[in-house]
Structures are given as structure tokens and as C-alpha cells.
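Reading the structure
Next come the chains, spelled out residue by residue.
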Amino acid sequence: MERRVDYNYEHLHELEELREQLDLLNKKLDKQQIFAEKSMIKYVKADLKKLNGSGVFYIVMGIFALIYCPVTFYFWNFSFEFVVGTALMLFVCLAYTLYLHNGLYSIDVAKGNLMELSQKVLRLRKGYANWLYVGFTMIIVWCYFLYREALVIYENPEGFMVAAIIGGLLGGIIGLSRHFKVVRDADNLLEHIKEIQNS
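Now for a look at the structure at hand. (Residues numbered from 1 in each chain as written. Predicted model: local features only at pLDDT ≥ 70, side-chain atom pairs only at ≥ 80, totals over all residues. Heavy atoms only, no water.)

**Things to note about the pattern of salt bridges**
Inspection of every chain in the model, using the stated rule, returns three salt bridges. Where Lys120 meets Glu116, a salt bridge forms, and the shortest distance between an N and an O atom there is 3.3 Å. Here the residue Lys120 and the residue Glu116 both occupy positions in helix H3 (residues 114-153), the gap between them amounting to four residues, near one helical turn. The exposure class assigned to Glu116 is partly exposed, which follows from its relative accessible area of 35%. Here Asp185 and Lys181 are joined by a salt bridge, their closest N and O atoms 2.9 Å apart. Here the residue Asp185 and the residue Lys181 both occupy positions in helix H4 (residues 158-198), the gap between them amounting to four residues, near one helical turn. (Salt bridge = Lys/Arg side-chain N within 4 Å of Asp/Glu carboxyl O. Helix = DSSP H or I, 4+ residues; strand = E, 2+ residues; numbered from the N terminus. Buried < 20%, exposed > 50% of the residue type's maximum accessible area, 1.4 Å probe, protein only.)

Take a look at the structure:
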């Protein structure tokens, strides 16, 4: 009988040690999960900072273009209608960029507003994808009117058009590369948010 009591006591002691080890293991796992979540939040903050930086860059460049381009075309004796049309087109581009990036600056990732952030980033990504169709259409129409204006203003508009085409191609390459970078940054941010939510 004493032997049986000793056996139960040893068994209980082993169970208690096993329970302590499990508690210790759970604490370590919790710490690792907290560390992993903090690391992912750092990535989310870095991705959000990139998107916000791109937004600020586009807005500053949009304001510059909205002022510079119409004034330049006005002093180059382009028609009033063309100058106003150019200003309206640039204003629409600027307003749409402001709309897409609106609200990303005010989100505090540390407070766990990941659902709101993911909704706004999805809106931004979808807007950038759709913007290619709208932007290319506007540029084609604008280039047609630019060509018509150049025919009226210049005796030999070929030189002006060659310079416009070269400038347009360079601007297009730079703009498209930045456009696709914003889309990649948005995809990375959404992927990091998904990882946090699944952990």
C-alpha cells in the first residue's frame, strides 16, 4: 500500500513538472508571437510610410504641374481653351490623387486600425489600377489638341512635336514605374496586414 502511495505521489509530481514545463513553453510562445506581431507591425508602418511618401510626391508634383503647365502654354500663345482644358485635366488628376491617398496619413497602426487601413489601401490599389485607363484616355485626347494647337501656332510644328513626344515618353516611363511601385507597395502592405490578422 505504501508503494502505491509513493507511485501516485511520483506520478503527481511528474504531472506537476510537466504542467510547469507547458506553462513555461506557453509563455515563450506568447512572447515569440508578440515579437512576431511587433515585427509585422514595423513592416506595415514602413509600407504605409512608403505609400504616404508617394502620395506626398504626387500631390506636390500635381500642384506644380497645375500651376506651371497652363502658365507656360499661355505664354507660348496657346489658345485660352487649351490652357483651361489643360488646367482642368491636371486639376482632375490632382483631385483624384488626393482622394486615393486621403485618410492614409491619419491611421495609427499601433492602435490596431488594420481593418480600416486595409480598406483604404484596397481602395487606393483599385483606384490606381483603374486610373491607367482614365489617364491614358485623357492623355490621348490632350495630345490630339496639343497637336492641333501646334499646327496653328508654329510654321513647322514637327520640332515642337518631336520634343513633346520625347518629353512625353520620358515622363510616361517615369510615371509608369512610379505607378507600379505604388501598386507593389500597396500589395506588400496588404500582405503584411493579412499575416498579422492570420497570426
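Don't stop here, the text continues.
**Looking at the packing of H3 against H4**
Running from N to C, H3 and H4 point in directions that differ by 170 degrees, and their axes come no closer than 9 Å. By the angle between their directions, the pair H3 and H4 is classed as roughly antiparallel. Looking at the contact of H3 with H4 residue by residue, the class counts come to 24 nonpolar, three polar and two charged. (Axes fitted to C-alpha atoms, helices over the stretch in contact; angles between N-to-C directions. Parallel < 35°, antiparallel > 145°, perpendicular 65-115°, else oblique. Nonpolar A, V, L, I, M, F, W, Y, C, P; charged D, E, K, R; others polar.)

**A look at the environment of Val44**
Summarising the element assignment, Val44 is placed in helix H1 (residues 2-75). The class of Val44 is buried, set by a relative accessible area of 0%. When the C-alpha atoms of Val44 and Ile193 are compared, they prove to be 6.8 Å apart, with 149 residues separating the residues in sequence.

**Here we look at the packing of helix H2 (residues 80-101) against H3**
Close contact between H2 and H3 brings their axes to 11 Å; oriented N to C, the two are set at 175 degrees. Here H2 lies roughly antiparallel to H3, going by the angle between them. Counted together, Phe82, Thr86, Met89, Val92, Cys93, Tyr96, Tyr99, Leu100 and His101 of H2 and Arg123, Leu124, Gly127, Tyr128, Trp131, Met138, Trp142, Phe145, Leu146 and Glu149 of H3 form the full contact between these two elements. The class makeup of the residues in the contact of H2 with H3 is 14 nonpolar, three polar and two charged. (Contact = heavy atoms within 4.5 Å.)

**Notes on a nonpolar patch on the surface**
Taken together, the side chains of Ile63, Ile67, Val71, Tyr74, Phe75 and Trp76 make up a nonpolar region of the molecular surface, amounting to roughly 660 Å² of accessible area. Relative to the helices and strands, Val71 is located in helix H1. According to the relative accessible area criterion, Val71 is partly exposed, its value standing at 39%. (Patch = residues over 30% accessible without salt bridge, like charges linked within 9 Å, V, L, I, M, F, W, Y side chains within 5 Å. Areas by Shrake-Rupley, 256 points an atom, 1.4 Å probe, with all protein chains shown as cover.)

**Some thoughts on the packing of aromatic side chains**
Following the criterion strictly, the structure yields 16 aromatic pairs and no others. An angle of 45 degrees between the planes, with centres 5.9 Å apart, marks the rings of Phe78 and Phe160 as tilted. You can see Phe78 sitting in the loop between H1 and H2 and its partner Phe160 sitting in helix H4, a full 82 residues away along the chain. Just as Phe78 is buried, Phe160 falls in that class too. Each residue in the set Phe73, Trp76, Phe78, Phe82, Trp142, Tyr154 and Phe160 is aromatic and connected to the rest through ring pairs, giving one cluster. Across the ring face of Phe57, the terminal group of Arg178 is positioned such that the distance to the ring centre comes to 4.1 Å. Sitting over the ring of Tyr58, Arg178 keeps its end group 5.5 Å from the ring centre. (Phe/Tyr/Trp six-rings, centres within 6.5 Å; stacked < 30°, edge-to-face > 60°. Lys NZ or Arg CZ within 6 Å of the ring centre and 35° of its normal.)

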